[in-house]
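Given next are the chains, with one letter for each unit.
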Amino acid sequence: MNFKTVFFCCVMIVLFGIVVLPVSAATAISGIGPISGSPQVGSVLVAGSLVPSGATASYQWKESPTSGGTYTSIAGATTTSYTVVAGDASKFIEVVVTGTGSYTGAATSGAVGPVTEATPVVTSISPSSGPSTGGTTVTIHGSGFSNGAGASNVNYVMFGSIQATSNTFISDSEITATSPAASAGTVNIGVTTPAGTSASSSNSQFTYVASASIPTVTGLSPIIGPSSGGTTVTIYGSGFSNGAGASNVNYIKFGSIQATSNTFISDSEITATSPAASAGTVNVIVTTPAGTSSISSSDQFTYTGGASSLSVSSISPSNGPINGGTSVTIYGSGFSNGAGASNVNYVMFGGTQATSFRFISDSEIIAISPGGYGTVNIAVNTPVGISASSSGSQFTYSTVSSAPTLYTISPTSGPLNGGTSVAIYGSGFSNGAGASDVNYVMFGSTQATSVTFISDSEITAISPDEAAGTVSVAVTTPYGTTTSSSSSQFTYAAVISTAPTTSFLASPSSGPAPLTVQFTDTSTNSPTSWNWNFGDGSSSSIQNPSHTYQGAGTYTVSLTTNNNGGSSNNAFTQSITVFAQSTITPVMTTQTMPVSTQSGLDAVPVIGAFALCGLIVLARKNRN
């Protein structure tokens, strides 16, 4: 090959540009599909698909008072979806997308709107029934009751086909309405606003019940009490409610005198406190809006003309163990209601109520002693009063001579270095005279640091030092030692007192998107919980997570750890670098322009071609 041939080849390369160019792809976003979802308060709007498909972009939702007006960004609305709020009412909404990663440019969706108020919804009502005469105040819970500016949006409330007497706005989720009069039966409560009417559901059903009937009294208990009044009398019968579960009673009279007070229990039961009255028998009469109960022998109450002869004359036996359980027969008078039934409210052993009691007659009852100590008075309480203390009503708790019993302990665990205050519950911890009978308390084979006496059934002990493991707590008195059981077990556990020092490894720490990174916790002092922040809005609480980064960028990853010694003082951080994956595309181009018109990247192959020609010429001359 001669010099002319070589030179000719170089010129041809320059003129026709037969070279391979590296080209970096940069694609512009050319559009976005329509927004899906209803433009209504409470609805979720979803941005349409990007064009081209698969493009990546950031999102910003905007709103405007008019369709063609100026749109302003909605704070925090930067994801692919947006939940419409009350403040958006009557506005138009659009979304703007801006290319990220290897995508450039921006696109704006078509606007949707105007936003309408949400159709009201009723989720519950209370009460769900009332009398057919109306007048029941019903609380209605749901949504869509406001106009988006904190004021009522309710036009009216319907009970079936009849409008509520009135309604009161509480909040967007609560109103009250007064039921109108209607026939007995079940109707739907519907709330109407400019946005529409709430749908009927099982949660919005209200039942009208027939008007209450005239009350009747079928029995009283007790049927006797002192003339000084104050007796709580239970009245049995019917017609005491308004048909909706609430009291319908106006007042109750004992003869011609109104009861001091009355309490509604149910449609068939109320209680009333007898007023003061002269000795004698009167009728107890109940009055409601429906009428007054008829007089009968079942409603008669007898005033005794003063305190009845309530007394305790003797008891048998007169002593028993301090842990209680003794069956004591109590003799006296005034234990019945005058009709052969018990008039006793309760029986007291000193300041403690008997475990139980049983009525035998007006002059005899049997009571089971509670735990106690020393000598106490047994007192019988009836509506008439409390029996007086006497030498015949004294009961003495005897000293226990058997081994103590341990029922349970609390807490059941503590640190190895001791110092835990443990409450021990059982019996037999006292000497029968209100003082401690405990010699010592053992935690396994080690004696408690100290013991504090509370009562015959409770002491506290401070745990000593001990090795890790479970031991039995035992109480010893002069009469023996408590038996080991599952309820007496105390566990010594090691306690971590130093907060963890946080660190971690990331592999790989850089690479093209999408990049999956494995994170490995290398913290010291045995952390028990982990809080990862991957820097892209994602997080994790597992010890060694992996995470995939989809977009290019530098992400700061942080980790904080905890154990029962506390939290790491500062988060440990590390950066992850993710770059966009470039595309190399071979392109064959034909150069027809003069060299002097080329610029930028297009000039590179021309200059390269000249350099190549020069090298070929020099090589040829050297050979020659």
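Since we're looking at a predicted model, the values are computed, not measured.

Novice: Please explain the overall build of the protein chain as it appears in this structure.
Specialist: Regarding its fold elements, the protein chain presents two helices and 59 strands. Taken across its 624 residues, the protein chain has 39% of its residues classed as buried. Summarising the internal contacts of the protein chain: among those between residues at least 6 apart in sequence, 60% fall at separations of at least 24. Summed over its atoms, the accessible surface of the protein chain is roughly 30,100 Å², and 53% of this surface lies on carbon and sulfur atoms.

Novice: Explain the side chain of Ser274 to me, please; I cannot follow it from the model alone.
Specialist: In this fold, Ser274 is placed in the loop between β27 (269–273) and β28 (280–288). Residue Ser274 is classed as buried on the basis of its relative accessible area of 1%. With residues up to four places along the chain from it excluded, the contact list for Ser274 reads Gly229, Gly230, Thr231, Phe254, Thr260, Phe301 and Tyr303.

Novice: Please clarify how the packing of aromatic side chains should be interpreted in this entry.
Specialist: Describing an aromatic ring pair means giving the distance of the ring centres and the angle of the ring planes. Inspection of every chain in the model, using the stated rule, returns 16 aromatic pairs. Residues Phe519 and Trp532 carry aromatic rings whose centres are separated by 5.5 Å and whose planes lie at 50° to one another, so their mutual orientation is tilted. Of the two residues, Phe519 sits in strand β53 (residues 515–521) while Trp532 sits in strand β54 (residues 529–533), which places them 13 residues apart along the sequence. Like Trp532, Phe519 is buried. Taking the centre distance of 6.4 Å and the plane angle of 20° together, the rings of Trp532 and Phe534 count as stacked. Members of the aromatic cluster, each reached through a chain of ring pairs, are Phe504, Phe519, Trp532, Phe534 and Phe572.

Novice: It is not clear to me how the sheet that holds strand β37 (residues 364–368) should be interpreted in this structure. Could you clarify?
Specialist: The strands making up a sheet are joined through hydrogen bonds of the backbone, oriented either antiparallel or parallel. One open sheet holds the four strands; their spatial order is β31-β33-β37-β36, and the pairing between them is antiparallel. Of all strands in the sheet, those with a lone pairing partner are β31 (311–316) and β36 (356–361), marking the two edges. Taken pair by pair, the neighbouring strands of this sheet meet at an average axis angle of 25°, ignoring direction. Pairing geometry for strand β33 (residues 327–333) and β37, over five bridges, is antiparallel. Note that in β37 the partner of Ser327 across the bridge is Ile368.

Novice: Please clarify how the pairing of strand β14 (residues 156–159) should be interpreted in this entry.
Specialist: Along any regular strand the residues' side chains alternate between the sheet's two faces. Strand direction decides the pairing type here: β14 and strand β18 (residues 185–193), joined by four bridges, are antiparallel. For Met158, the partnering residue across the bridge sits in β18 and is Gly190. Pairing analysis gives two bridges linking β14 to strand β15 (residues 162–163), with the strands arranged antiparallel. Paired with Met158 across the bridge in β15 is Gln163. Counting the residues that bridge the hairpin from β14 to β15 gives two residues, and of these Gly160 lies at a positive phi of roughly 70°.

Novice: When you look at the sheet that holds strand β21 (residues 216–221) in this model, what are you seeing that I'm missing?
Specialist: Strand order in the open sheet formed by four strands is β21-β23-β27-β26, and the pairing between neighbours is antiparallel. Lying at the two open borders of the sheet, with one neighbouring strand each, are β21 and β26 (261–266). On average, adjacent strands in this sheet sit at an angle of 25° to one another, irrespective of strand direction. Strand direction decides the pairing type here: β21 and strand β23 (residues 232–238), joined by five bridges, are antiparallel. Considered in β23, the bridge of Leu220 is made with Ile235.

Novice: How do you make sense of unusual backbone geometry when you look at a structure like this?
Specialist: Peptide bonds are mostly trans, and most non-glycine residues show a negative phi. With an omega of -5°, the peptide bond between Ser126 and Pro127 qualifies as cis. The amide bond that connects Ser221 to the next residue, Pro222, takes the cis arrangement and shows omega of -5°. With respect to the secondary-structure elements, Pro222 resides in the loop between β21 and β22 (224–225). Phi angles above zero are rare outside glycine, and Ser90 is one such case at about 75°. Relative to the assigned elements, Ser90 resides in the loop between β7 (81–83) and β8 (92–99). At Asn525, a residue that is not glycine, the phi angle is positive and equals roughly 65°. Mapped onto the elements, Asn525 comes out in the loop between β53 and β54.

Novice: Sorry if this is basic, but what is going on with the confidence of the model for the protein chain here?
Specialist: The predicted coordinates of low-pLDDT regions are not to be read in fine detail. Looking at the protein chain, pLDDT values average 86 and 86% of them are 70 or higher. This model gives residues 13–23 a pLDDT under 50, and the stretch forms 33 contacts once residues within four places in sequence are excluded. Scored below 50 in pLDDT, residues 586–624 shows 41 contacts in the model against residues more than four places distant or in partner chains.

Novice: Is there a simple way to explain the nonpolar core in this structure?
Specialist: For soluble globular proteins, nonpolar side chains are generally found buried alongside one another. One finds Trp61, Ile93 and Val97 to be the most contacted residues of the largest nonpolar core, which totals 23 residues. Looking at this core, the elements with two or more residues in it are β5 (57–64) and β8. Val97 has contacts with Ile29, Ile32, Leu50, Ala57, Ser58, Tyr59, Gly105, Ala106 and Ala107, leaving out every residue within four places of it along the chain. Residues Leu310, Ile330, Phe335 and Val380 belong to the second largest nonpolar core, which totals 18 residues.

Novice: I'm lost on the pairing of strand β47 (residues 458–462) in this one. Help?
Specialist: Here five bridges tie strand β43 (residues 421–427) to β47, and the two strands are oriented antiparallel to one another. In the sheet register, Ile424 faces β47, and the bridge partner there is Ile459. For strand β46 (residues 450–455) and β47, the ladder comprises five bridges, and the chain directions are antiparallel. Looking at the pairing, Ser455 lines up with Glu458 of β47. The antiparallel hairpin formed by β46 and β47 contains two residues in its connecting segment.

Novice: Teacher, can you tell me more about the environment of Ser450 here?
Specialist: Here Ser450 is to be found in strand β46. For Ser450, a relative accessible area of 33% corresponds to the partly exposed category. Sequence separation between Ser450 and Thr460 is ten residues; the distance between their C-alpha atoms is 8.3 Å. Setting aside residues no more than four positions away along its own chain, Ser450 makes contact with Thr460, Ala461 and Ile462.

Novice: For this particular structure, what's the right way to read the environment of Leu515?
Specialist: Among the structural elements, Leu515 can be located in strand β53. Exposure remark for Leu515: the relative accessible area of 8% places this residue in the buried category. As for Leu515 and His547, which are separated by 32 residues in sequence, their C-alpha atoms are 8.2 Å apart. If we ignore the near neighbours within four places in the chain, the residues touching Leu515 are Pro508, Ser510, His547, Thr548, Tyr549, Ile576, Thr577 and Val578.

Reading guide: rules and limits
Residues numbered from 1 in each chain as written. Predicted model: local features only at pLDDT ≥ 70, side-chain atom pairs only at ≥ 80, totals over all residues. Heavy atoms only, no water. Helix = DSSP H or I, 4+ residues; strand = E, 2+ residues; numbered from the N terminus. Buried < 20%, exposed > 50% of the residue type's maximum accessible area, 1.4 Å probe, protein only. Contact = heavy atoms within 4.5 Å. Areas by Shrake-Rupley, 256 points an atom, 1.4 Å probe, with all protein chains shown as cover. Phe/Tyr/Trp six-rings, centres within 6.5 Å; stacked < 30°, edge-to-face > 60°. Pairing = 2+ DSSP bridges. Axes fitted to C-alpha atoms, helices over the stretch in contact; angles between N-to-C directions. pLDDT = per-residue confidence, 0-100. Core = buried A, V, L, I, M, F, W, Y, C linked by side-chain atoms within 4.5 Å.

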